[in-house]
Amino acid sequence: MSHPELRPRPPSPLVEAVDERFAAHGVRLLLKRDDLVHPELPGNKWRKLAPNLRAALEAGHEELVTFGGAYSNHLRATAAAGRLLGLRTTGIVRGDELAGRPLNDSLARCAADGMRLCFVTRSDYRRKAEPGTRDRLLAEAGAPGAYVVPEGGSNALALRGCAGLGRELRGAADVVAVACGTGGTLAGLASGLGPDARALGVPVLAGGFLGAEIRSLQEAAFGGPAGDWSLAEGFDHGGYARVPPALEAFAADFGDRHGFPVERIYVAKLLWALVALAESGAFPRGTTLAAIITGRP
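Report follows, based on the coordinates. Since the model is a prediction, treat every value here as computed from it, not as a measurement.

Focus: the sheet that holds strand β4 (residues 88-94)
1) Next: What the four strands build is an open sheet, ordered β5-β4-β3-β6; its pairing is parallel. Sheet topology places β5 (115-120) and β6 (147-148) at the edges, where each strand pairs with a single neighbour.
2) Next: As judged from the six bridges shared by strand β3 (residues 63-68) and β4, these two strands associate in the parallel manner. Among the inter-strand pairings, Glu 63 is bridged to a residue of β4, identified as Arg 88.

Some words on the environment of Leu 169
1) Next: Residue placement: Leu 169 occurs in the loop between α7 (156-168) and β7 (175-180).
2) Next: With relative accessibility at 1%, the residue Leu 169 sits in the buried group.
3) Next: Excluding residues that lie within four positions of it along the chain, Leu 169 makes contacts with Leu 14, Lys 32, Val 176, Leu 189, Leu 193 and Ile 292.

Quick look at the side chain of Arg 33
1) Next: Looking at the secondary structure, you find Arg 33 in the loop between β2 (28-32) and α2 (44-58).
2) Next: With a relative accessible area of 15%, Arg 33 lands in the buried category.
3) Next: Look past the residues within four positions of Arg 33 in its chain and what remains in contact with it is Ser 12, Pro 13, Val 15, Phe 260 and Ile 293.

Comments concerning the packing of α2 against α7
1) Next: Orientation of α2 relative to α7, taken along the N-to-C sense of each, is 135°, at an axis distance of 7 Å. The orientation of α2 with respect to α7, classified from their angle, is oblique. For α2 against α7, the interelement crossing comes out right-handed. Facing α2, whose interface residues are Arg 47, Lys 48, Pro 51, Asn 52 and Ala 55, α7 presents Leu 157, Ala 158, Gly 161, Cys 162, Gly 164, Leu 165 and Glu 168.

Structural notes on the pairing of β4
1) Next: Most of β4 sits out of view: five of its seven residues are buried.
2) Next: You can see the chain leave β4, run along helix α4 (residues 105-112) and come back into β5, and the turn it takes is right-handed.

A closer look at the pairing of strand β8 (residues 198-203)
1) Next: Most of β8 is tucked away, with five of its six residues classed as buried.
2) Next: Crossover β7 to β8 through helix α8 (residues 184-193) is right-handed.
3) Next: Sheet analysis places β8 next to strand β9 (residues 229-231), joined by three bridges and oriented parallel. Each bridged residue has a counterpart across the sheet, and for Gly 201 the counterpart in β9 is Leu 231.
4) Next: Taking the sense of rotation as the criterion, the β-α-β connection linking β8, helix α9 (residues 210-222) and β9 turns out right-handed.

Section: the nonpolar core
A general trend in soluble globular proteins is that nonpolar side chains are found buried together.
1) Next: Counting residues in hydrophobic clusters, the biggest one holds 34 residues, and the most contacted among them are Leu 274, Phe 283 and Leu 289.
2) Next: If you list the elements that add at least two residues to this core, you get β2, β7, β8, α10 (245-258), α11 (267-279) and β10 (288-292).
3) Next: Element by element, the count of residues in this core is highest for α11, at nine residues.
4) Next: Discounting chain neighbours no more than four positions away, the residues touching Leu 289 are Phe 22, Val 27, Arg 28, Leu 29, Leu 30, Val 175, Ala 177, Leu 274 and Phe 283.

What counts, and at which threshold
- Residues numbered from 1 in each chain as written.
- Predicted model: local features only at pLDDT ≥ 70, side-chain atom pairs only at ≥ 80, totals over all residues.
- Heavy atoms only, no water.
- Pairing = 2+ DSSP bridges.
- Helix = DSSP H or I, 4+ residues; strand = E, 2+ residues; numbered from the N terminus.
- Buried < 20%, exposed > 50% of the residue type's maximum accessible area, 1.4 Å probe, protein only.
- Contact = heavy atoms within 4.5 Å.
- Axes fitted to C-alpha atoms, helices over the stretch in contact; angles between N-to-C directions.
- Parallel < 35°, antiparallel > 145°, perpendicular 65-115°, else oblique.
- Left-handed = near helix turned anticlockwise from the far one by under 90°.
- Right-handed = clockwise from strand over helix to strand, strands pointing away.
- Core = buried A, V, L, I, M, F, W, Y, C linked by side-chain atoms within 4.5 Å.

The following block contains the structure:
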């Protein structure tokens, strides 16, 4: 089934960013402006959602259901996709204590795009991958027959979509870096890069769990490991959606230097990490480094 919102997009722009914090260490910085790939589903959200949306439409589904926290970019993207495609959407949100509170800006945007929000306990949310718990949550949300998109949009279809991002960057950089939530973008990106580059992921959550998640995702999508990738831990700034004053100031300054608004939850942490890694000598002189700008504020 064809739909204009799901047609292939041209490669997103790749631009050089002249920045003395990298140049001083012999590192050339490129910005992959994937935030410009789609007007309402920017960056990795479009790349991960588009294959799943096609599958949902081809199977005749009229409703999508997915999962996320109170500040989830993925929930917002899924709600927008549902509005664009004429599909009903349900978001199962972590934290039943939020049910009686005013919606934050992120969840209010989901609701404005027509998403029905169902708040569940944090314990149930942690167990959402268990078949029995998932089926119960879907039934309680009134969406037992909906097409299920996993948290963060990361599944085998999504990885194949993100592999296209890697193919767009073949030959352009030695290291391609991306912020990681569920790991799906990094897992797909690495598979598409080819043998002469490596992918570097910067987790925005603490916990050290992403390595196993990425290996599991690649096993499901490709049958085994795919591409050269690694993780740079320790740049979560206190946890998901935490933006302390130093990170806020850094993001504002980076945006002023390079002429675009820096998204705080993912992109700011990525760019902070890359500056710190460059200053520590993590990238050999002569390295071309590409940072993927996955979304907008």
